[in-house]
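# Fold and geometry: a report
Chain by chain, the residues run as shown.
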Amino acid sequence: NHMSNVQAMSKNILMPSVYPYSCVGMVVVEFRSGVVYRSGFLVGINLVMTAATNIFDKENMEIADKISFALNVIDNKCDMYLVKKYYYHDNFVKEA
């Protein structure tokens, strides 16, 4: 039945512990000018993917001082991981 499939799918969306939603997390990016919150995706055991614009502040022309990844954010509780290395594409343009 189509409706029961839709209900089952929507039930999974509301359950962040179910794959693939369990791989979506919050990227906490700290700059000298403040903190911003973005999204990221766990794509490997120790690999998070997010947009390069999330870790670069174009207004102040600065790269993030500290980046953390929060996985399984439920009721303001989560598993928080410090990002030790980050990479961005060679063609990423850092200009306002």
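Residue numbers here run from 1 along each chain, matching the order of that chain's written sequence. Where totals are concerned, whole chains, interfaces and linings use all residues; where local detail is concerned, this predicted model gives features only for residues with pLDDT of at least 70, and gives and counts side-chain atom pairs only at 80 or more. Side-chain figures throughout are based on the complete set of non-hydrogen atoms in the structure, without hydrogens or water.

### A word on the overall build of the protein chain
Stated precisely, the cut-off is as follows: Secondary structure elements are taken from DSSP: a helix is a run of H or I of four residues or more, a strand is a run of E of two residues or more, and numbering for both begins at the N terminus. When accessible area is computed with a 1.4 Å probe and restricted to protein chains, residues below 20% of their type maximum are described as buried, those above 50% as exposed, and intermediate ones as partly exposed. In what follows, a contact means two residues having at least one pair of non-hydrogen atoms within 4.5 Å. Where accessible areas are quoted, they stem from the Shrake-Rupley method and a 1.4 Å probe; at the residue level, only the protein chains shown are allowed to cover.
Scanning the protein chain from terminus to terminus reveals 1 helix and 7 strands. Within the protein chain, the proportion of its 96 residues that are buried is 21%. In the protein chain, the share of contacts with a sequence separation of at least 24, taken over all contacts with a separation of at least 6, comes to 45%. Carbon and sulfur atoms form 56% of the exposed surface of the protein chain, whose accessible area is close to 7400 Å².

### Let's talk about the pairing of strand β1 (residues 24–31)
Inclusion rule: Following DSSP output, two strands are said to pair if at least two bridges run between them.
Of the pairings in the sheet, the one linking β1 to strand β2 (residues 34–44) comprises 8 bridges and is antiparallel in character. Each bridged residue has a counterpart across the sheet, and for F31 the counterpart in β2 is G34.

### Notes on a nonpolar patch on the surface
We apply this condition: Residues enter patches when they are more than 30% accessible in relative terms and free of salt bridges; like-charged ones are connected within 9 Å and nonpolar ones (Val, Leu, Ile, Met, Phe, Trp, Tyr) within 5 Å. Note on definitions: salt bridges are taken to be side-chain nitrogens of Lys or Arg within 4 Å of carboxyl oxygens of Asp or Glu.
Taken together, the side chains of V24, F41, V43, L47 and M49 make up a nonpolar region of the molecular surface, amounting to roughly 450 Å² of accessible area. Those elements that provide at least two residues to the nonpolar patch are β2 and β3 (47–49). Positionally, V43 belongs in strand β2. A relative accessible area of 48% places V43 in the partly exposed class.

### Digging into the side chain of N54
Checked against the element boundaries, N54 lands in the loop between β3 and β4 (56–57). Judged by its relative accessible area of 13%, N54 falls in the buried class. The residues contacting N54, other than those within four sequence positions of it, are V29, F31, V36, R38 and S39.

### Comments concerning the side chain of E62
Let me state the cut-off plainly: Polar contact criterion, stated in full: a pair of N or O atoms within 3.5 Å, where within protein one must be able to donate a hydrogen and the other to accept it, and residues adjacent in sequence count only if both atoms are side-chain atoms.
Note that E62 resides in strand β5 (residues 62–63). Among the residues examined, E62 registers a relative accessible area of 6% and is labelled buried. A distance of 3.4 Å separates a polar atom in the side chain of E62 from a polar atom in the side chain of S33. The residues touching E62, leaving out its near neighbours within four places in the chain, are F31, R32, S33, I55, F56 and D57.

### Focus on the packing of aromatic side chains
The geometry of an aromatic ring pair comes down to the distance between the two centres and the angle between the two planes. To keep it simple, the criterion reads: Between 30 and 60 degrees the pair is tilted, below 30 it is stacked and above 60 it is edge-to-face, where a pair is any two Phe, Tyr or Trp rings, Trp via its six-membered ring, whose centres lie within 6.5 Å.
Overall, the coordinates contain 2 aromatic pairs when judged by the stated rule. Here F56 and F92 contribute two aromatic rings whose centre-to-centre distance is 6.1 Å and whose plane-to-plane angle is 85 degrees, an arrangement assigned as edge-to-face. Of this pair, F56 sits in strand β4 while F92 sits in the segment after β7 (77–82), placing them 36 residues apart in sequence. Neither F56 nor F92 differs from the other in exposure class; each is buried. Within the aromatic cluster, the residues linked to one another by ring pairs are F56, Y88 and F92.

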